[in-house]
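Working through the structure, step by step
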Amino acid sequence: MDLKDKLEELAIRVNRMRDSIHTEEATKTACVLPFIQALGYDVFNPSEVVPEFISDTPGKKGEKVDYAILKDEKIIILIECKPIGAELEIKYASQLFRYFQTTAARFGVLTDGIRYLFYSDIKKQNIMDEIPFFEFNLLLHTGDKQTKQVEELKKFAKSTFDLDTIIGSATNLKNSRAIKAEIGRVFEETPDELVKLLSKNIYEGRFTQQILDKFKEQTKRALNEYISDRVEDRLNNALASNKTGVSPEEVSTLQEVINAEEAENGIETTEEEKESFRIIQAIAAELVDVDRIVMRDAKTYCAILFDDNNRQPIVRLYYRKTKLSLMVFDVNSGTKVEIEKVSQIYKSREGILTAIKNYL
């Protein structure tokens with residue numbers, strides 16, 4: 001059984017037992033020890049896993065960190081445990097912080113048995129960073145994301161542990177997290193410097209505060225639209241090409257992202273879209289109650305869904321000022337059809353009925 005299978009099995013067990021796990025000791029026994037074991041370490045061998053590890057630090061004697069993991073008689077990882085659901089912050093990891101200065105360990109883990117926060121000393125050697133470079137959540141990661149997280153976690157397994165490899169990876173992960181946080185800040189705040197940078201080739205005058213405020217709002221909207229368009233393009237390309245790499249869950253997630261982004265932009269449903277919706281309802285009436293056919297408008301398209309479910313698309317309308325087209329969905333893909341006027345939707349009757357039958 002590989003690491004991914006072991007973690008999935010552990011996740012099922014922990015999720016089933018979590019309501020009965022109330023103490024730190026119970027968390028260690030039910031969650032943390034099996035997690036360490038899944039990584040290949042012998043939890044019953046004190047030359048590999050030392051519980052209640054004691055190492056006196058200046059001004060502190062007899063303090064204990066919950067677990068020390070050893071390899072080749074050297075401490076490589078320190079683990080501090082808290083009860084399930086406890087806050088995991090650096091202030092609760094004082095033992096980890098102090099032991100970093102007195103042991104050879106380069107990694108510390110703070111956990112509640114579900115979330116595992118991995119720390120190192122990337123900023124300054126032997127001084128533990130205040131921000132974790134990697135987080136693994138036993139219960140939340142699924143699909144492709146889980147695969148990536150497990151691959152990262154696998155570097156800490158007994159059979160593959162290599163200090164230099166992990167330190168290099170930790171540095172990259174730390175920088176990536178910092179850059180993502182900065183991107184999030186930029187999207188949230190839209191700094192004046194960014195507004196000027198993106199607008200300098202559009203507006204040649206002096207940036208007064210009034211002009212800056214105007215361009216800031218437009219820049220923020222454009223950034224959101226850009227992300228929505230990229231997500232939409234990926235979804236459409238995957239569906240049109242019948243790619244199996246995009247799961248129904250990912251399709252649903254992508255559509256939810258698009259809907260959430262565009263809900264803020266004041267979408268206006270056109271008369272052509274309304275008429276098209278009525279035509280599709282009329283076609284659908286041959287099979288189902290028309291109330292089960294629902295329209296959801298967005299900025300880049302108008303979706304016609306079965307039972308108001310993102311995972312059950314029937315038709316998607318792409319109506320531009322000079323071009324009309326629609327995509328009729330099958331089980332795994334969509335067929336795009338160019339039309340000159342709304343009434344030509346009737347020509348796609350068979351495809352629309354087939355799409356609906358897929359959901360019955």
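Summarised in this report is the structure supplied together with it. Predicted, not measured: the structure shown is a model, and the values here were computed from it.

What follows is about the pattern of salt bridges. Applying the stated rule across the entire model yields 17 salt bridges. A salt bridge links arginine 115 to glutamate 135, with the nearest nitrogen and oxygen atoms 2.8 Å apart. With a gap of 20 residues between them, arginine 115 in strand S5 (residues 115-119) and glutamate 135 in strand S6 (residues 134-137) connect regions that are remote in the sequence. Overall, arginine 115 belongs to the partly exposed group, its relative accessible area being 28%. Here glutamate 135 falls in the partly exposed class, since its relative accessible area comes to 23%. Between arginine 349 and glutamate 286 there is a salt bridge; the shortest N-O distance is 2.7 Å. With a gap of 63 residues between them, arginine 349 in helix H10 (residues 349-357) and glutamate 286 in the loop between helix H9 (271-284) and strand S7 (293-297) connect regions that are remote in the sequence.

Compared with an ideal rise of 1.5 Å per residue, which puts 15 residues at 21 Å, helix H2 (residues 24-38) spans 20 Å between its outermost C-alpha atoms and is within 8% of the ideal. A bend of about 35° at valine 32 is the largest found in H2, and the proline proline 34 appears one to four places after it. Where H2 is concerned, the buried positions are Thr27, Lys28, Ala30, Cys31, Val32, Pro34, Phe35, Ile36 and Ala38. Following H2 by one or two positions, glycine 40 adopts a phi angle in the positive range, close to 100°.

This part is about the environment of serine 343. Within the secondary structure, serine 343 sits in the loop between strand S11 (334-339) and H10. The spacing of serine 343 and glutamate 275 is 68 residues in sequence and 8.7 Å in space, taken between C-alpha atoms.

With 40 residues, the main nonpolar core has Leu7, Ile36, Ile77, Ile79 and Phe136 as its most contacted residues. Element by element, the count of residues in this core is highest for H2, at 6 residues.

If you walk through the whole model with that rule in mind, you get 0 disulfides. Looking at cysteine 31, it has no disulfide partner, and the nearest cysteine sulfur is the one in cysteine 81, 9.4 Å off.

Definitions and cut-offs
- Residues numbered from 1 in each chain as written.
- Predicted model: local features only at pLDDT ≥ 70, side-chain atom pairs only at ≥ 80, totals over all residues.
- Heavy atoms only, no water.
- Salt bridge = Lys/Arg side-chain N within 4 Å of Asp/Glu carboxyl O.
- Helix = DSSP H or I, 4+ residues; strand = E, 2+ residues; numbered from the N terminus.
- Buried < 20%, exposed > 50% of the residue type's maximum accessible area, 1.4 Å probe, protein only.
- Expected span 1.5 Å × (residues − 1).
- Bend = angle between axes of the 7 residues up to and from the residue.
- Core = buried A, V, L, I, M, F, W, Y, C linked by side-chain atoms within 4.5 Å.
- Disulfide = S-S within 2.5 Å.

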